[in-house]
Amino acid sequence: MKLSRRLQIVLMVAVISAALIVLEKYKIPLNIFLWRYIFDAGHIPLFGVISIAFLGISQTLWQRRFKNPMIHYIIAFVLTGLLGLITEIIQYFTPRDADLWDIINDGVGAICFLGLYLTFDRRLLGSGVVLSKKLKYIIRLAVVVLGLVALMPTFNWIGAYINRNIRFPQICNFESDWEQKFVFANNASLSIVPSPESFGDSIDNNVGRVDFSKNGSSNFMIVEPYPDWAGYENLSFSIFSDNPEIINIELRINDRQHDKNYHDRFNQVLSINPGINNISIPLIDIQMAPKNRQMDMRKINLIILFMVQPENSITIYLDNFRLE
Ligand SMILES: [Ca+2]
């Protein structure tokens, strides 16, 4: 049974509309790196499907006008790209962020799906366009490689989360490249260096060197440590200071529902002596820190060490963030 041309067009438009509804309706369930990257990657299949629908529309509407079947592929790619661009422009004016990477993923999706479809397209028969078997395999291989490259950032994050979860209750010890995806410095420089001195029982080699700026506020952050701290007693870590005097560094910890107010998180000033400082914070203090509620110890989200306008630039070395 052959569908009428009009019905075919209606179906294709429905497919495109459904894809756009999915794009608009489904928001990340949790604002964490993993979901953000998975949703970015979701643009690839979504716009891939859209590009195939556009191809169907072009092939149906302009079958006679364009004798060369490749023209329809170009039309489908251009329309998909335009639609991707328009959705990002619309998002630019809404609270959702417009993202260049989304547009690139849209294009990758169109290229992969159209490329794959091309190698199975029966309409090519008798049109004068001939794809040899070898060329078809090359196209399929290229599609797979392009898809995998585009998915690399997402795979990378999945690897980082698996590594983070396996390492727990070790939170950060500067020995793995994976953990550095969760570690940041703002207005400070962070570098991974060999340990300047023995860090207690540490059997490993590397520490994080943080140079705090004397201008403004500067910080070192562990974003999205393994969140479930229930069942542990203390958060422990080591700071080595080569400053001749005692310095004060502020420690902040908050959970996911933190409302950005000072009284809704854990705040403590750490007095750091010259040399090694082994710091241990009872988790019960962190749990009881918010003024109007208890910290959700199963959803810890952020650890920050920061300094505000120290008299001089301050260098410290950090290691062995862990729960005990
Ligand atoms: Ca280390």
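All values reported here derive from a predicted model rather than from experimental measurement.

1. Quick notes on empty space enclosed by the protein
Now for step 1: A full pass over the atoms with the stated rule returns one cavity of 30 Å³ or more.
Now for step 2: The calculated volume of the largest cavity comes to roughly 40 Å³.
Now for step 3: Taken together, R164, R167, I171, E179, F182, I222, E224, P225 and Y226 make up the full set of residues lining the largest cavity.
Now for step 4: By residue class, the composition of the lining of the largest cavity is five nonpolar, no polar and four charged.

2. Considering the layout of surface pockets
Now for step 1: Volume-wise, the second largest pocket comes out at about 430 Å³.
Now for step 2: Lining the second largest pocket are 18 residues; nearest its centre among them are N31, V223, K260, N301 and L302.
Now for step 3: At the level of secondary structure, the elements contributing two or more residues to the lining of the second largest pocket comprise α2 (33–61), β7 (247–255) and β10 (300–308).
Now for step 4: Its residues assigned to classes, the lining of the second largest pocket comprises seven nonpolar, four polar and seven charged.

3. Some words on the pairing of strand β5 (residues 217–223)
Side-chain direction in a regular strand flips from residue to residue, so the side chains alternate between the two faces of the sheet.
Now for step 1: Extensive coverage of β5 is indicated by the burial of six of its seven residues.
Now for step 2: By the bridge criterion, four bridges tie strand β2 (residues 183–186) to β5 in an arrangement that is antiparallel. Bridging across to β5, A185 finds its partner in F220.

4. Points about the packing of helix α3 (residues 69–92) against helix α4 (residues 100–118)
If you want to describe how two helices pack, look at the angle between their axes and the distance between the axes.
Now for step 1: Running from N to C, α3 and α4 cross one another at 160°; their axes reach a closest spacing of 9 Å. Considering the angle they form, α3 stands roughly antiparallel to α4. Two packed elements cross with a definite hand, and for α3 against α4 that hand is right-handed. Facing α3, whose interface residues are M70, Y73, A76, F77, T80, G84, L85 and E88, α4 presents D102, I103, D106, G107, A110, I111, L114, Y117 and L118.
Now for step 2: Of the residues contributing to the contact of α3 with α4, the split by class is 11 nonpolar, three polar and three charged.

5. A closer look at the packing of aromatic side chains
Now for step 1: The tally for this structure, following the rule as stated, stands at 14 aromatic pairs.
Now for step 2: On the basis of an interplanar angle of 15° and a centroid distance of 4.6 Å, the ring pair of F237 and F321 is categorised as stacked. Of the two residues, F237 is situated in strand β6 (residues 234–241) and F321 in strand β11 (residues 314–323); the sequence distance between them amounts to 84 residues. Each of the two residues, F237 as well as F321, counts as buried.
Now for step 3: Chaining the aromatic ring pairs together yields one cluster made of F33, Y37, W157, Y161, F182 and F184.
Now for step 4: In this arrangement the basic side chain of R140 is found over the ring face of F120, its NZ or CZ atom lying 4.4 Å from the centre.
Now for step 5: For R164, the ring lying beneath its charged end belongs to F182, and the centroid distance is 5.7 Å.

Scoring rules and cut-offs
In this numbering scheme, every chain counts its residues from 1 along its sequence in written order. Reporting of local features is limited, given that this is a predicted model, to residues whose pLDDT is at least 70; pairs of side-chain atoms are given and counted only at 80 or more, and all residues count toward the totals for whole chains, interfaces and linings. The basis for the side-chain values is all heavy atoms of the structure; hydrogens and waters are excluded. Here a cavity denotes grid points, spaced 1 Å and computed from the protein atoms alone, that fit a 1.4 Å probe unable to get out, and a pocket denotes an open set having protein on both sides within 12 Å along at least 5 of 7 lines; residues with an atom within 4 Å of a point are the lining. Grid points are joined across faces, edges and corners, and a volume is the space filled by probe spheres set on the points. Following the grouping adopted for this structure description, the nonpolar residues are Ala, Val, Leu, Ile, Met, Phe, Trp, Tyr, Cys and Pro, the charged ones are Asp, Glu, Lys and Arg, and the polar ones are all others, Gly among them. Helix and strand definitions here come from DSSP, where helices need a minimum of 4 consecutive H or I residues and strands a minimum of 2 consecutive E residues; each element is numbered from the N-terminal end. A 1.4 Å probe rolled over the protein chains alone gives each residue an accessible area, and that area as a share of the maximum for its type sets the label: buried under 20%, exposed over 50%, partly exposed in between. Strands were regarded as paired on the criterion that DSSP finds at least two bridges between them. Working convention: axes come from line fits to C-alpha atoms, limited for helices to the stretch in contact. Angles between N-to-C directions cover 0 to 180 degrees. The scheme is simple: roughly parallel for angles under 35 degrees, roughly antiparallel for over 145, roughly perpendicular for 65 to 115, oblique for anything else. Helix crossings fall into two classes, left-handed where the near helix is turned counterclockwise from the far one by less than a right angle and right-handed where it is turned clockwise. The contact definition used throughout considers only heavy atoms, calling two residues in contact when any of these lie within 4.5 Å. Ring geometry is summarised as follows: Phe, Tyr and Trp rings, the Trp one being its six-membered ring, pair when their centres sit within 6.5 Å, and such pairs are stacked at plane angles under 30 degrees, edge-to-face over 60 and tilted between the two. Any Lys NZ or Arg CZ found within 6 Å of a ring centre and within 35 degrees of that ring's normal is scored as a charge over the ring.

Don't take any of this as a statement about function, it's just geometry.
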